[in-house]
Amino acid sequence: LNFIANGLWLPAATLLNRSWTTIVLILFMWFTLGYINKELKGYAHAKATKRYIVMPMSIYFGWITIATPLNMASLVNQRGFTPAVQSVPRVLFWI
């Protein structure tokens, strides 16, 4: 399911310009990757499994964790909301 959501995110963001759809998709990816990450950490793995499966999935989960608030900040910025603190970049304000 995460793979499908990931595949749908790019067309939703670029071709269709559906900002709310991208938020829903990226939140779905974040929750599914969190579940996958939790399940993978719960088992004892061989060294090769940790290197080639657990570590890449953890990096992907980290990437989506950073991308989620950035995507939300982008949507809020598109809607014209300006944070009260002007000296802090908008993205950092939302993180």
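Sequence positions are assigned chain by chain, starting from 1 and proceeding in written order. Reporting of local features is limited, given that this is a predicted model, to residues whose pLDDT is at least 70; pairs of side-chain atoms are given and counted only at 80 or more, and all residues count toward the totals for whole chains, interfaces and linings. As a rule here, side-chain values cover all heavy atoms of the structure and leave hydrogens and water aside.

Things to note about the overall build of the protein
Each helix is a run of DSSP H or I of at least 4 residues and each strand a run of E of at least 2, with the numbering of both proceeding from the N terminus. Scanning the protein for helices and strands turns up four helices and zero strands. Start at the N end of the protein and walk to the C end: the helices and strands fall as α-α-α-α. Residues count as neighbours in contact if any of their non-hydrogen atoms are within 4.5 Å of one another. Looking at the protein alone, contacts between residues at least 24 apart form 56% of all its contacts between residues at least 6 apart. Accessible surface, the protein as shown: approximately 6800 Å² in total, 71% of it carbon and sulfur. Per-residue and other accessible areas were derived by the Shrake-Rupley procedure at a 1.4 Å probe size, with only the shown protein chains allowed to occlude residues.

Structural notes on the nonpolar core
Definition used in this section: a nonpolar core is a set of buried Ala, Val, Leu, Ile, Met, Phe, Trp, Tyr and Cys residues joined via side-chain atoms within 4.5 Å. Relative accessibility under 20% of the residue-type maximum defines a buried residue, over 50% an exposed one, and the middle range a partly exposed one, all with a 1.4 Å probe and only protein chains included. Judged by nonpolar contacts, A5, A12, L25, I26, M29, L33, F61, I64 and A67 together constitute the single largest core of nine residues. Looking at this core, the elements that each hand over two or more residues are α1 (2-14), α2 (19-41) and α3 (47-78). Examining the composition of this core, we find that four residues originate from one element, α2, more than from any other. What L33 contacts, discounting residues up to four positions off in sequence, is N2, M57, Y60, F61 and I64.

A short note on the packing of α1 against α2
As a rule, the C-alpha atoms of each element are fitted with a line to give its axis, helices using only the stretch in contact, and angles between N-to-C directions run from 0 to 180 degrees. Across the interface, α1 lies against α2 with an axial gap of 9 Å and an inter-helix angle of 155°. By the angle between their directions, the pair α1 and α2 is classed as roughly antiparallel. The element α1 and its partner α2 pack so that their crossing is left-handed. In contact with N2, A5, N6, L8, W9, A12 and A13 of α1, α2 contributes T21, T22, L25, I26, F28, M29, T32 and L33. Geometric relationships in this document are graded by angle, where less than 35 degrees denotes roughly parallel, more than 145 denotes roughly antiparallel, 65 to 115 denotes roughly perpendicular, and other angles denote oblique. Helix crossings fall into two classes, left-handed where the near helix is turned counterclockwise from the far one by less than a right angle and right-handed where it is turned clockwise.

Section: a nonpolar patch on the surface
A surface patch of nonpolar side chains, about 600 Å² in accessible area, is lined by L1, F3, I4, L8 and F28. Sorting elements by how many residues they give to the nonpolar patch places α1 first, with three residues. When you line up the elements, I4 lands in helix α1. Here a patch means residues that are over 30% exposed by relative accessible area and free of salt bridges, tied together within 9 Å if like-charged and within 5 Å if nonpolar (Val, Leu, Ile, Met, Phe, Trp, Tyr). Salt bridges, as used here, are contacts in which a Lys or Arg side-chain nitrogen is within 4 Å of a carboxyl oxygen on Asp or Glu.

Re the confidence of the model for the protein
On average, residues of the protein score 80 in pLDDT, and 84% of them reach the 70 mark or higher. The pLDDT value expresses, per residue, how confident the predictor is, ranging between 0 and 100. When pLDDT is averaged over each helix and strand of the protein, the minimum, 60, is found for helix α4 (residues 90-94) and the maximum, 87, for α2.

Focus: the packing of aromatic side chains
Planes of paired rings set the category: under 30 degrees apart is stacked, over 60 is edge-to-face and the rest tilted, where pairs are Phe, Tyr or Trp rings (Trp by its six-membered ring) whose centres lie within 6.5 Å. As enumerated under the stated definition, the model contains two aromatic pairs in all. Taken together, a centroid distance of 6.2 Å and an interplanar angle of 20° make the contact between W30 and F61 stacked. Of the two residues, W30 is situated in helix α2 and F61 in helix α3; the sequence distance between them amounts to 31 residues. Classification of W30 as partly exposed rests on a relative accessible area of 30%. Using a relative accessible area of 19% as the deciding quantity, one classes F61 as buried. Members of the aromatic cluster, each reached through a chain of ring pairs, are W30, F31 and F61.

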